[in-house]
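Each chain, letter by letter, is given below.
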Amino acid sequence: MFDKLMEAQQKAGEVKQRLDAITVTGTAEGGKITVKSNGNKVIQSVTIDADFYKDADKEELEELLVVAINKAIEQAENLSQIEMAAMTQAMLGGMGGLGNLFGK
């Protein structure tokens, strides 16, 4: 059982590395605000169109930043769930089902 747990930890580490290498994007106001995150939900950059920035008021800018950030995080979360589900499926298939995980 210990070997199976070690294998699961190794696979989870591999998934994390893959997610670190993937970039997702959240936008607001038709792309005038862009937030980039990796698949592990770490924000990598925020870009605001210069013309939009000049004309936007503080409240509008703050609200739209929240929208763009949440869109990026939502995409990263969806991607993470897909990767983890694929890893779990591969692990369970490779172990002959859940029963083997618990030594039955």
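Here we summarise the structure given alongside this text. (Residues numbered from 1 in each chain as written. Predicted model: local features only at pLDDT ≥ 70, side-chain atom pairs only at ≥ 80, totals over all residues. Heavy atoms only, no water.)

Where burial is concerned, the two faces of strand E1 (residues 23–28) differ: the one with Val 24, Gly 26 and Ala 28 is buried and the one with Thr 23, Thr 25 and Thr 27 is not. Of the pairings in the sheet, the one linking E1 to strand E2 (residues 33–38) comprises six bridges and is antiparallel in character. What sits directly across from Ala 28, in E2, is Ile 33. Linking E1 to E2, which pair antiparallel, is a turn of four residues; within it Glu 29 sits at a positive phi near 55°. (Buried < 20%, exposed > 50% of the residue type's maximum accessible area, 1.4 Å probe, protein only. Helix = DSSP H or I, 4+ residues; strand = E, 2+ residues; numbered from the N terminus. Pairing = 2+ DSSP bridges.)

Scanning the model with the defined rule gives five salt bridges in all. As a salt-bridge pair, Lys 41 and Glu 77 come within 2.5 Å of each other at their nearest N and O atoms. Taken together, the residues span a long stretch of sequence, with Lys 41 in the loop between E2 and strand E3 (43–48) and Glu 77 in helix H3 (residues 58–94) at a distance of 36 residues. Judged by its relative accessible area of 27%, Glu 77 is partly exposed. Put simply, Glu 62 and Lys 58 hold a salt bridge, and the shortest N to O gap is 2.5 Å. Note that Glu 62 and Lys 58 are positioned in helix H3 at a spacing of four residues, about one turn of the helix. (Salt bridge = Lys/Arg side-chain N within 4 Å of Asp/Glu carboxyl O.)

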